[in-house]
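Coordinate analysis (summary)
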Amino acid sequence: MKFGDRITTVRSFPIGIDVAAFRTEAQRDGSNPFGSSGAPEKFAVGVDRLDYTKGLPNRFKAFGRYLESCDSENRPCLIQIAPPTRQEVSAYQEVTDELQGLTGKINGQFAELDWTPIRFINRSVPRSKLGRLYRLSHCGLVTSLADGMNLVAKEFVAAQDREDPGVLVLSRFAGAAEDMTDALLINPYDIDETARAIDAAFTMPLSERLERHAKCLEVVERTDASHWSESFLNMLKSRLPMLEPWVSGVSAHGTD
């Protein structure tokens, strides 16, 4: 794009993760995030900043809707980690209050003496535990109302056991959904659709889980952090002839 004597180029450089490092962390022996209590028999996990764009109230409502129809003998959990951000802003505090209210309501309706359906952790969890948490989970929930890439989706896929992977439920409005089309894509505003996707993730046969995970993992590995940095630098190198007049000008006038 040219305007006057200026030339501007716009490109997309989707960010990725260090897949090998995250996979190693997830496979690390002896790092059970649940300690001596052990992991729930079946659980979904969400890890998000406590932000109104992440769709957390709808996620909690969808999990409650799922509990209304699931087999009473199943005792699935939702483990939601949501560190607080910008608590001085009223909109963020309102989301916190709403989530605390929904947690109490849903747990009050469905909990048993030995089962708590929603575990809402309103603080940070060490990264060393997150990889194992993803790997042990049966379902990853990324249900943002609006998002950039959302690297949690990629971390969840990278952490999975290739022989027995969990299922990613992914918002159509997250950047990751553009390539990770074999996740269970949902409209996060549709609570019933999200509830059905949670049920599908928990009941999906191994053969389908393996196929979906393999295709999502191929995307995560192909667009990792190295690819992101290399593609960005290669684009800069390809534009060097066009940038030469600017570079020469800077050299002639010096820099501060």
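Here the structure is shown first, and the text comes after it.
Here, residues in each chain are numbered from 1, in the same order as that chain's written sequence. Residue-level local features of this predicted model are given only where pLDDT is at least 70; pairs of side-chain atoms are given and counted only at 80 or more, and the full residue set underlies all totals for whole chains, interfaces and linings. Heavy atoms from the whole structure form the basis of all side-chain values; hydrogens and water molecules are not counted.

Observations regarding the overall build of the chain
Heads up, the rule is: What counts as a helix is a DSSP run of H or I of at least four residues, what counts as a strand is a run of E of at least two, and both are numbered from the N terminus. For accessible areas, the Shrake-Rupley method is used with a probe of radius 1.4 Å. Any residue's cover is judged against the shown protein chains and nothing else.
Counting secondary structure elements, the chain contains nine helices and eight strands. A total of about 14000 Å² of accessible surface is found on the chain, and carbon and sulfur atoms cover 51% of it.

Quick word on the pairing of strand 5 (residues 118-121)
Where we set the bar: The classification of residues rests on relative accessible area computed with a 1.4 Å probe and restricted to protein chains. Under 20% of the type maximum is buried, over 50% is exposed, and intermediate values are partly exposed. At least two DSSP bridges between two strands are required for those strands to pair.
Burial along strand 5 is one-sided: Ile118 and Phe120 are buried, while Arg119 and Ile121, pointing the other way, are not. Summarising the sheet, strand 4 (residues 77-81) and strand 5 pair through four bridges and their orientation is parallel. Looking at the pairing, Ile81 lines up with Ile121 of strand 5.

Regarding the packing of helix 1 (residues 19-27) against helix 4 (residues 127-136)
Note the following rule: Between N-to-C directions, angles cover 0 to 180 degrees, with each direction set by a line fitted to C-alpha atoms, over the stretch in contact for helices. Angle categories are assigned with fixed cut-offs, so that under 35 degrees is roughly parallel, over 145 is roughly antiparallel, 65 to 115 is roughly perpendicular, and the rest are oblique. Any two residues whose heavy atoms approach within 4.5 Å at even a single point are treated as in contact. All residues other than Ala, Val, Leu, Ile, Met, Phe, Trp, Tyr, Cys, Pro, Asp, Glu, Lys and Arg, Gly among them, are scored as polar; the first ten of these are nonpolar and the last four charged.
At their nearest, the axes of helix 1 and helix 4 sit 7 Å apart, and the two run at 80 degrees to each other. By the angle class used here, helix 1 and helix 4 are roughly perpendicular. Residues Phe22, Glu25, Ala26 and Gln27 of helix 1 touch helix 4, and the partners they reach there are Arg127, Ser128, Gly131, Arg132, Tyr134 and Arg135. A breakdown of the residues in the contact of helix 1 with helix 4 according to their chemical character gives three nonpolar, three polar and four charged.

Concerning the packing of aromatic side chains
Put simply, the rule reads: The pairing test for Phe, Tyr and Trp rings, Trp by its six-membered ring, is centres within 6.5 Å, and the orientation test on the planes gives stacked under 30 degrees, edge-to-face over 60, and tilted for anything in between.
The tally for this structure, following the rule as stated, stands at eight aromatic pairs. Pairing Phe34 with Phe43 gives two aromatic rings, centres 5.4 Å apart and planes at 75 degrees, and the pair type is edge-to-face. Assessed through its relative accessible area of 0%, Phe43 is described here as buried. Among the aromatic side chains, those forming a connected cluster through ring pairs are Phe22, Tyr134 and Phe156.

Regarding the packing of helix 2 (residues 56-69) against helix 3 (residues 90-110)
Two elements in contact, helix 2 and helix 3, have axes separated by 10 Å at closest approach and are oriented at 10 degrees. Judged on the interaxial angle alone, helix 3 and helix 2 are roughly parallel. Facing helix 2, whose interface residues are Leu56, Pro57, Phe60, Lys61, Gly64, Leu67 and Glu68, helix 3 presents Glu98, Leu99, Leu102, Thr103, Ile106 and Phe110. In terms of residue class, the contact of helix 2 with helix 3 is built from eight nonpolar, two polar and three charged.

Focus on the side chain of Ser144
For clarity, the cut-off: For the purposes of these results, a polar contact is taken to be a pair of N or O atoms within 3.5 Å, where, inside protein, one atom must be able to donate a hydrogen and its partner to accept one; residues adjacent in sequence count only when each atom of the pair is a side-chain atom.
Mapped onto the elements, Ser144 comes out in the loop between strand 6 (139-142) and helix 5 (151-159). In this structure Ser144 comes out as buried when scored by relative accessible area, which is 0%. Of the polar contacts made by the side chain of Ser144, one reaches the side chain of Asp147; its length is 2.7 Å. Beyond its immediate stretch of four places on either side in the chain, Ser144 contacts Thr53, Lys54, Gly55, Asn150, Ser171, Phe173 and Pro188.

Points about the sheet that holds strand 5
Spatially, 5-4-3-6-7-8 is the arrangement adopted by the six strands of the open sheet, whose pairing is parallel. Of all strands in the sheet, those bounded by a partner on one side alone are strand 5 and strand 8 (184-186). With strand direction ignored, the average angle separating the axes of adjacent strands in the sheet is 20 degrees. When strand 3 (residues 43-47) meets strand 4, the two strands line up parallel, connected through five bridges. Across the sheet, residue Ala44 finds its bridge partner in strand 4, namely Leu78. This element, helix 2, spans strand 3, strand 4, strand 5 and strand 6 of the sheet and lies at about 170 degrees to strand 4. Across the face of the sheet, helix 6 (residues 191-203) comes into contact with strand 3, strand 4, strand 6, strand 7 (167-171) and strand 8 while running at roughly 170 degrees to strand 8.

Thoughts on the nonpolar core
What counts is decided by this rule: For our purposes a nonpolar core is just a set of buried Ala, Val, Leu, Ile, Met, Phe, Trp, Tyr and Cys residues, chained together by side-chain atoms within 4.5 Å.
Residues Tyr134, Leu168, Leu170 and Met180 are the most contacted members of the largest nonpolar core, which totals 66 residues. Among all residues touching Met180, those that are not within four sequence positions of it are Ala153, Lys154, Val157, Leu168, Leu170, Leu185, Cys216, Val219 and Val220.

Description of the pattern of salt bridges
Counted only if it meets this: Salt bridge, as applied in this entry: a Lys or Arg side-chain nitrogen positioned within 4 Å of an Asp or Glu carboxyl oxygen.
What the rule picks out here adds up to 15 salt bridges. Linking Arg28 and Glu25 is a salt bridge whose minimum nitrogen-to-oxygen distance equals 3.2 Å. On the basis of relative accessible area, Arg28 is assigned to the partly exposed category, the value being 42%. Residue Lys61 is joined to Glu98 by a salt bridge in which the shortest nitrogen-to-oxygen separation is 3.8 Å. Taken together, the positions of Lys61 in helix 2 and Glu98 in helix 3 put the pair 37 residues apart, joining distant regions of the chain. You can call Glu98 partly exposed: its relative accessible area is 34%. Through salt bridges with shared partners, a single network forms among Arg23, Arg162 and Glu221.

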